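Close look at the chain arrangement
So you can see what is in the structure, the chains are spelled out below.
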Amino acid sequence: MEYLSHLNQNQRDAASYIDGPLMVIAGAGSGKTRVLTYRVAHLIKQGVDPFNILALTFTNKAAKEMKERITKIIGSNEGQNIWMGTFHSIFARILRTEHEKIGYPRNFTIYDTQDSRNLVKTIVKEMNLDDKIYKPAGVLSRISSAKSNLISAQAYLKNAEIASDDRMSNRPKIGEIYLTYQKRCFKAGAMDFDDLLFKTNVLLKDHPDVLLSYQHKFKHILVDEYQDTNFSQYLIVKKLAATHENLCVVGDDAQSIYAFRGANIQNILNFKRDYPDYKLFKLEQNYRSTKVIVNAANSIIAKNQDQIKKNVWTSNAEGNRIKVIKALTDNEEGNVIAQNIFSTIQNEQARNDEFAILYRTNAQSRSFEEALRKRNVPYKIYGGLSFYQRKEVKDLLAYFRLTANHNDEEALKRIINFPKRGIGKTSIDKAIVVANEAGVTLWDVITTPENYALALNTGTRNKLGEFTTMIKSFATKLTSAPAYELAHEIASSCGILKEFYADKTPEGISKYENLQELLNGIKEFSEPKNDDDQIIPLGDFLIDVALLTDADNENPEEKNKVTLMTIHASKGLEFPYVYIVGLEENLFPSQMSLNTRSELEEERRLFYVALTRAEKTAVLSYATSRYRWGNLITCEPSRFIEEIDPSFLDVETAGPSSKSTRKQEVFGFGKSSASANQSTKVAPAPKPSNLKKVTSSIGTTTISDVAVGNNVSHERFGKGKVINIEGDLPNQKATVFFPSVGQKQLLLKFAKLVVLD
DNA sequence: AACAACGGGCTTTTT
DNA sequence: GCCCGTTGTT
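Below or above, wherever it landed, is the structure these notes cover.

Conventions used here
Residues numbered from 1 in each chain as written. Chains lettered and ligands numbered in written order. Predicted model: local features only at pLDDT ≥ 70, side-chain atom pairs only at ≥ 80, totals over all residues. Heavy atoms only, no water. Helix = DSSP H or I, 4+ residues; strand = E, 2+ residues; numbered from the N terminus. Contact = heavy atoms within 4.5 Å. Areas by Shrake-Rupley, 256 points an atom, 1.4 Å probe, with all protein chains shown as cover. Pairing = 2+ DSSP bridges. Axes fitted to C-alpha atoms, helices over the stretch in contact; angles between N-to-C directions. Near = heavy atom within 4 Å. Polar contact = N/O pair within 3.5 Å; in protein donor to acceptor, adjacent residues only side chain to side chain. Core = buried A, V, L, I, M, F, W, Y, C linked by side-chain atoms within 4.5 Å. Buried < 20%, exposed > 50% of the residue type's maximum accessible area, 1.4 Å probe, protein only. Phe/Tyr/Trp six-rings, centres within 6.5 Å; stacked < 30°, edge-to-face > 60°. Lys NZ or Arg CZ within 6 Å of the ring centre and 35° of its normal. Nonpolar A, V, L, I, M, F, W, Y, C, P; charged D, E, K, R; others polar. Salt bridge = Lys/Arg side-chain N within 4 Å of Asp/Glu carboxyl O.

With that out of the way, let us pick up the overall build of chain A. Summing up its helical and strand segments, chain A has 29 helices and 24 strands in all. Expressed as a percentage of contacts within chain A between residues at least 6 apart in sequence, the contacts between residues at least 24 apart total 74%. Of the roughly 34000 Å² of accessible surface on chain A, 50% is carried by carbon and sulfur atoms.

Strand order in this open sheet of six strands is β3-β2-β6-β7-β1-β8, and the pairing throughout is parallel. In this open sheet, the two edge strands, each paired with only one partner strand, are β3 (83–86) and β8 (279–283). Across the sheet, the mean angle from the axis of one strand to that of its neighbour is 15 degrees, orientation sign disregarded. Bridge count for strand β6 (residues 220–223) against strand β7 (residues 247–251) is three bridges, and the pairing is parallel. Paired with Leu222 across the two strands is Cys248, which belongs to β7. In the packing of helix α2 (residues 32–45) onto the sheet, contacts are made with β1 (22–26), β2 (53–57), β6, β7 and β8, and the angle to β6 comes to roughly 170 degrees.

Our focus in this paragraph is the protein's contact with DNA strand C. Every residue close to DNA strand C is listed here: Lys121, Lys125 and Trp629. By atom count, sugar and phosphate contribute 45% of the portion of DNA strand C lying within 4 Å of the protein. Lys121 places a side-chain nitrogen or oxygen 3.4 Å from a phosphate oxygen of DNA strand C. The side chain of Lys125 places a nitrogen or oxygen atom 3.1 Å from a phosphate oxygen of DNA strand C.

So, about the environment of Val237. Relative to the helices and strands, Val237 is located in helix α12 (residues 231–241). Placed 12 residues apart in sequence, Val237 and Val249 show a C-alpha to C-alpha distance of 9.9 Å. Ignoring anything within four residues of it in the chain, the contact list for Val237 reads Leu56, Phe87, Val223 and Leu247.

What follows covers the nonpolar core. Generally speaking, nonpolar side chains in soluble globular proteins are found buried as a group. One finds Phe400, Phe467, Leu518 and Leu538 to be the most contacted residues of the largest nonpolar core, which totals 55 residues. Broken down by element, the residue count for this core peaks at eight residues, all from helix α17 (residues 391–404). When residues no more than four places from it in sequence are discounted, the contact partners of Leu538 are Phe400, Leu478, Ala483, Leu486, Ala487, Ile490 and Ile522. Counting 42 residues, the second largest nonpolar core, distinct from the first, contains Ile300, Ile322, Val578 and Leu600.

Let us look at the packing of aromatic side chains. How two aromatic rings sit relative to each other is set out by the distance from centre to centre and by the angle between their planes. Overall, the coordinates contain 21 aromatic pairs when judged by the stated rule. With a centroid separation of 4.9 Å and 45 degrees between ring planes, the pair formed by Phe271 and Tyr275 is classed as tilted. Here Phe271 and Tyr275 have matching classes, each one buried. In this structure, Arg93 is placed above the aromatic ring of Trp83, and the distance from its NZ or CZ to the ring centre is 3.9 Å. The residue whose ring lies beneath Lys571 is Phe58, and the NZ or CZ to ring-centre distance is 4.2 Å.

In the neighbourhood of DNA strand B, 25 residues make up the surrounding shell, with Phe260, Arg360, Thr426, Thr549 and Met592 lying closest. Backbone atoms, meaning sugar plus phosphate, form 51% of the atoms of DNA strand B positioned within 4 Å of the protein. Within the side chain of Lys135, one N or O atom sits 3.2 Å away from a phosphate oxygen of DNA strand B. Gly424 is positioned with one of its backbone polar atoms (N or O) 3.2 Å from a phosphate oxygen of DNA strand B. In terms of residue class, the surface near DNA strand B is built from six nonpolar, 13 polar and six charged.

To continue, consider helix α8 (residues 160–168). For α8, the N-terminal cap is Asn159; the gap from its side-chain oxygen to the backbone nitrogen of Glu161 is 2.9 Å. Trailing α8 by a residue or two, Asn170 shows a phi angle of about 70 degrees, which is positive.

Moving on, we come to the pattern of salt bridges. Counted under the stated rule, the structure contains 39 salt bridges. With a shortest N-O distance of 3.0 Å, Lys310 and Asp253 are connected by a salt bridge. Remark: Asp253 occurs in the loop between β7 and α13 (266–274) and Lys310 occurs in the loop between α14 (291–301) and β9 (322–327); sequence separation between them is 57 residues. Residue classification places Asp253 among the buried residues on the basis of a relative accessible area of 3%.

Now the structure itself:
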């Protein structure tokens, strides 16, 4: 029990409360992961078999690290046997074992977002719908949110409320698209991310024996980041835990930042209802950050209405105040921040990897990259195009996928003519039409074209024959050959390696190297880990690879570099020096989140997450203008800066270009008038300081022009009619009815309404 | 069928 | 400003 002395009283109580349901509400930096780690270690020390422990984490990386730490604590390799991973990877594994029960092939494909989008797009086209209205990404997000709430396509079509929503948004056919999409996925032996959870629910619901066996197996269940689980995940956990009720969920409502993709804070509140005799533990002591950072973060999150009250505190040092930097442009922002990092490294002998630049959107990284490169400060970027999303990598993976699952239509379409083998678009389109009409898969049609009325010349038929023969020959080795061997054979004989090897442009060389790296990755993966010398087949790799993210993909050369990432990606991490950049209205908070209070509160939680990543020093920055889609737009500082108690802030302006105006550039953080709008008194352009005008990227609207009864137009919602206006000037709020989406409350200063009459 | 040129839309966030 | 997909050209 010696190891438990590494915990404080609350942590220890939570870690050692073994029987029955418990919820741990853990403030930022309060040692949540520590509790989970020690709890699992404790269970094992108490004699629980690791095979009977299910621990669901938010990322694979978190799972991997936790396993390593547990292994250290318990001093044996037993920890590797815990069922620990993301919801998606754990249940993909289970579905693979139980595939017959739900009618899927063992080697089912996991469609990534791009595959799903392509399929939706194909269906929209086949239904002769306008893809400007039925945008694939939009349709897919609708389908995704239905699945996260366990609404099947059939249920979707029957649901009057949903139907009315879709009619209001002028997209009444989404239900039909959903139904076709599901049929096509099934026919292709493919599941998208949401299906992995949806089908798990189906499996557990329709097969009581299967449910029973997993209930029996998982005697102890732990769920990390519980605030970010959706309904589908909630129900899986509830079912699996029903027998033993040894369920431990850990989370922080203040750090819930995935509601936009269906996460439901309600799950935390439901816990009480589902397990009335549950035990609640609160971890409130922060070990990560200075007093200034903890209290500043508290002062921000206090503005949210929806939250579980807690009192996060720290006994750490006071620390420096949070610096606020104003820059004139996005490029200047990059330079000032890079310079600040550079000189901090010099002055405080800090290491590069102690710094992180956090932003709201990936698109913001550019100016920081350039500025850091100029100063020779090494950096690494997370997000953007991940390794597995690169074209060449996806191409080779498509060969693997098609080998493992011939019905994988998205993979087939991707590679049937790459490298070029003279099977053109027209031929493929014909084959797809035939396949749809006959109700068979594309693979069926191209392997036995003679069975279907497929009007192709013999040349094309021969080429199809060569292609399918090649894939079939790969498939014969699926189970007999280790992953690496087969992967290597496919890569060399399908022509893809040759294709890129021949390309001596820098891009071509890099693509060739990426393919080599993919093969190396497979080699590492297929090296037997235990002594039992079992062959690890390519199919196993494919399941794994579909669920990897770039966070899981860290390579050792990336050490000691400044980190650039989105705030979402930074969840769970910590850095001594944190820069939160681009703090501007419409960027952070995002323009898309200004319509409802709950969306705005999620943005605020996001800011809370960002700030609480910092251990020693936090710096905030914004630019007064930046390029967006090639246009220079004017920006206003984010309301979040104002919302921090000013006593924690150190406001200054920096950068060479503002020297002459430094004296006057004091930022007005007064509490009066929520004037996030105009602050500079020395604005270069003639701007009225009385807040009447609102400058924005798209034209200029004078607030006073909008009146009740006006017909107006909104960027997103289209035409509407103003029903009511209330509030005082800078914060006037209008109630507008849009035929497309219904009634909306809009803040005039942000809504960019255009008066039509 | 293969390639070059052009134009549109886009930026939230990710398993 | 950039990427993607569509169009036009050979």
